[in-house]
Amino acid sequence: MSERRQRWLGVGLEVTVPLLALVLWGLLSAGSDTYYFPPLTDILSTFADTWLFERVGSDVVPSLERMGLGFAIAVVIAVTAGLLLGMSRRARIAAAPIVEFLRAIPPPALLPFAILVIGVGSSMKVFIIAFVCIWPILLNTIDGVRGIDPTLDDTTRVYGISSRDRIWRVMLPAATPQIFAGMRTSLSLALILMVISEMVASTNGIGYFVLQSQRTFAIPEMWSGILLLGILGYVLNGGFTLIERRLLRWHRGARASALG
Amino acid sequence: MARRAIPDWALPWLSVAAVLVLFELLPRIGVLPREHFPPISQTLDTLAQQAGESKFWDAVGNTLQGWALGLGIAAALAIPLGIVIGSSRLLYRAMRGLIEFLRPIPSVALIPLAILVYGTGLQSKVFLAAFASFWQVLVATLYGVQDVDPVATDTARSFGFSRVQRLFRVTLPSAVPYVATGLRIASAVSLILTVTAELVIGSAGLGRSINLARSGGNEELMYALIVATGVLGLVLNTVFVKVERRVLHWHPSQRREAAAR
């Protein structure tokens, strides 16, 4: 088989296999009278009834607000702390056991603590999302700052560039690819914690809706919520990849020219 | 370099001591509300008492059981599947779209389904933990199998190694470090999902005990159990890193790390 034909076949398969899987799901569930696994067509029509756009304002927007706010807070705190810790070896040594321990706690275990101290409102969810998202970004920022080319660092010192400029113009850009890698991990954590926190204590949100549907045995509604969360995960991940590619275009260009 | 007043080795101990003192003093002098933040000595005291109770160890055992079964099932399914898919270019292209679509689905979205199908016991917990860990191991294995040095494969081929021999002598050994990293991350994910299931669904284990302690108004116990859960996470991770280093001592990534230390 020619190289070219094989490539087209690959691309074709990449698109058709997920579609085939969807069709298969539709066919297998078509005549289904199993209570827990309703036909895909039922799920899709319920999806349209529920999420387009009746519950967008009451559940989707609050969920996304909490997630976005928590994530943003985590980015600011983690990048700042990461820069500071990345620059000082002794600060890093001192902070290591505390960071390691806080990071090792499975995040949902902190939910009861957040409920106790902050209550069951939105701020509790923002807190828990932010707290969990900090660690991947923090560790990646530290690594990014430490990985700066020593020649570059020395050069900026020799030329007497002020430390403010060094942080903004040298360290931060140099650490950006790593910071983005951490942010990507944190983004999927943010979605997970958003759902869990809404399942444990909430009166609205997608996670609340899904669990409530299950408890009232509204099975197609439950499936439609699961579907929405799946789409949300996919869109967030894909959107972030696009932004990352765009913002880091200079980085890949710089690397390519350095290699070439 | 100039001698410092505080040597490097003392820094971690000092920072830990400072945090402990802070969380002892702040609640006592009232900066942190006492009813929500018991002084740390009381928390640690409660933890020490718990260590003598069989109920506590039952909860730890339940959590560990969910973690181990979830991780084990995920590894048993994902590693062979990853090797098969990763060995064929065409199969990989065919499955990539599906994997990329299924992987970002937050596993916690399946909690209601797990309750319906498996009830509120161990099975639900294991299903969620296995589902979440599966993707970590699968993707790591796929990367590993594909990152085999083509020169090594070609060399083996020209020396007349059969397909099966190449798989066991070349592909698998060079994929092992990736799989190990995937397993380490999957281990953390499995623990997170286990605790989540205990918290949300109410299966027996540390997650449920923490929630019960909170709703029962027993703050010291709640904090003690959270600390215990953190220690569990730390121990599991440390064990994984140690085993990885021992098993992979021959691999360059580990040698570099050893030299850097």
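Residues numbered from 1 in each chain as written. Chains lettered and ligands numbered in written order. Predicted model: local features only at pLDDT ≥ 70, side-chain atom pairs only at ≥ 80, totals over all residues.

### Some words on the overall build of chain A
Part 1 of the reasoning: Secondary structure assignment for chain A yields 11 helices and zero strands.
Part 2 of the reasoning: Its helices and strands taken in sequence order, chain A reads α-α-α-α-α-α-α-α-α-α-α from the N to the C terminus.
Part 3 of the reasoning: What you see for chain A is a C-alpha radius of gyration of 23 Å, clearly larger than the 18 Å of a compact globule of 260 residues, by over 25%.
Part 4 of the reasoning: C-alpha extents for chain A along the principal axes are approximately 75 × 65 × 30 Å.
Part 5 of the reasoning: The 260 residues of chain A split such that 36% are buried.
Part 6 of the reasoning: Long-range pairs, those at least 24 residues apart, make up 74% of the contacts in chain A between residues at least 6 apart in sequence. (Helix = DSSP H or I, 4+ residues; strand = E, 2+ residues; numbered from the N terminus. Rg over C-alpha atoms; globule rule 2.2 N^0.38 Å. Buried ≥ 20, exposed ≤ 12 C-beta atoms within 10 Å, placed from the backbone. Contact = placed C-beta atoms within 7 Å.)

### Observations regarding the overall build of chain B
Part 1 of the reasoning: Helix and strand counts for chain B come out as 11 helices and zero strands.
Part 2 of the reasoning: In chain B, the order of α-helices and β-strands from amino to carboxyl end is α-α-α-α-α-α-α-α-α-α-α.
Part 3 of the reasoning: In terms of C-alpha radius of gyration, chain B reaches 23 Å, well past the compact-globule figure of 18 Å for 261 residues.
Part 4 of the reasoning: The dimensions of chain B, computed from C-alpha atoms along their principal axes, are 75 × 65 × 30 Å.
Part 5 of the reasoning: When burial is assessed residue by residue, chain B has 38% of its 261 residues classed as buried.
Part 6 of the reasoning: Within chain B, contacts between residues at least 6 apart in sequence are counted, and of these 71% link residues at least 24 apart.

### Considerations on the interface of chain A and chain B
Part 1 of the reasoning: Contact residues are listed per partner, giving 49 residues for chain A and 46 residues for chain B.
Part 2 of the reasoning: With 10 residues, the single largest contributor to the side of chain A that touches chain B is helix α4 (residues 89–104) of chain A.
Part 3 of the reasoning: Taken together, the residues of the side of chain A that touches chain B break down into 39 nonpolar, seven polar and three charged. (Nonpolar A, V, L, I, M, F, W, Y, C, P; charged D, E, K, R; others polar.)

### Some words on the environment of Trp135 of chain B
Residues and elements named next belong to chain B.
Part 1 of the reasoning: By the secondary structure assignment, Trp135 is in helix α6 (residues 122–146).
Part 2 of the reasoning: On the neighbour-count criterion, Trp135 (20 C-beta atoms within 10 Å) is buried.
Part 3 of the reasoning: Here the alpha-carbon distance between Trp135 and Leu206, two residues 71 residues apart in the chain, equals 25 Å.

### As for the environment of Asp154 of chain B
Part 1 of the reasoning: With respect to the helices and strands, the residue Asp154 of chain B is situated in helix α7 (residues 150–158).
Part 2 of the reasoning: C-alpha separation for the pair Asp154 of chain B and Val179 of chain B, spaced 25 residues apart in sequence, amounts to 23 Å.

### Structural notes on helix α10 (residues 219–247) of chain A
Part 1 of the reasoning: Under the 1.5 Å per step criterion, the end-to-end length of α10 of chain A is 42 Å for 29 residues, consistent within 8% with the ideal 42 Å.
Part 2 of the reasoning: Within the sequence span of α10 of chain A, burial applies to Ile219, Glu221, Met222, Trp223, Ser224, Gly225, Ile226, Leu228, Leu229, Leu232, Gly233 and Leu236 of chain A. (Expected span 1.5 Å × (residues − 1).)

### Examining the nonpolar core
Part 1 of the reasoning: With 122 residues, the main nonpolar core has Ile128, Ile129, Cys133, Ala190 and Val195 of chain A together with Leu128 and Val137 of chain B as its most contacted residues.
Part 2 of the reasoning: Counting residues per element, this core draws most heavily on helix α8 (residues 163–200) of chain A, at 16 residues.
Part 3 of the reasoning: When sequence neighbours within four positions are dropped, the list of residues in contact with Val137 of chain B reads Ala74, Ala75, Ala78, Ile79, Gly182, Leu183 and Ala186 of chain B. (Core = buried A, V, L, I, M, F, W, Y, C linked by C-beta atoms within 7 Å.)

### Focus on the packing of helix α5 (residues 111–118) of chain B against α6 of chain B
Residue and element names in this part refer to chain B.
Part 1 of the reasoning: For the pair α5 and α6, the least separation of the axes is 9 Å and the interaxial angle reads 140°. With respect to each other, α5 and α6 are oriented oblique. The crossing of α5 and α6 is right-handed. The segment α5 lies against α6, with Ile111, Ala114, Ile115 and Tyr118 engaging Gln123, Ser124, Phe127 and Leu128.
Part 2 of the reasoning: The class makeup of the residues in the contact of α5 with α6 is six nonpolar, two polar and no charged. (Axes fitted to C-alpha atoms, helices over the stretch in contact; angles between N-to-C directions. Parallel < 35°, antiparallel > 145°, perpendicular 65-115°, else oblique. Left-handed = near helix turned anticlockwise from the far one by under 90°.)

### Observations regarding the packing of helix α2 (residues 40–51) of chain A against α10 of chain A
Residue and element names in this part refer to chain A.
Part 1 of the reasoning: Where α2 meets α10, the axes come as close as 8 Å, and the angle between the chain directions of the two elements is 75°. Comparing their axes, α10 and α2 come out roughly perpendicular. Across the interface between the two elements, Asp42, Ile43, Thr46, Phe47, Thr50 and Trp51 of α2 pack against Pro220, Glu221, Trp223, Ser224, Leu227 and Leu228 of α10.
Part 2 of the reasoning: Here the contact of α2 with α10 is composed, by residue class, of seven nonpolar, three polar and two charged.

### Thoughts on the confidence of the model for chain B
Caution applies to low-pLDDT parts of the model: their predicted coordinates are not meant to be read in detail.
Residues and elements named next belong to chain B.
Part 1 of the reasoning: In the predicted model, chain B carries a mean pLDDT of 87, and 95% of its residues have values of at least 70.
Part 2 of the reasoning: Per-element confidence in chain B is highest for helix α3 (residues 54–87), whose mean pLDDT is 94, and lowest for helix α11 (residues 252–260), whose mean pLDDT is 53.
Part 3 of the reasoning: In the predicted assembly, ipTM is 0.83 and pTM is 0.87. (pLDDT = per-residue confidence, 0-100.)

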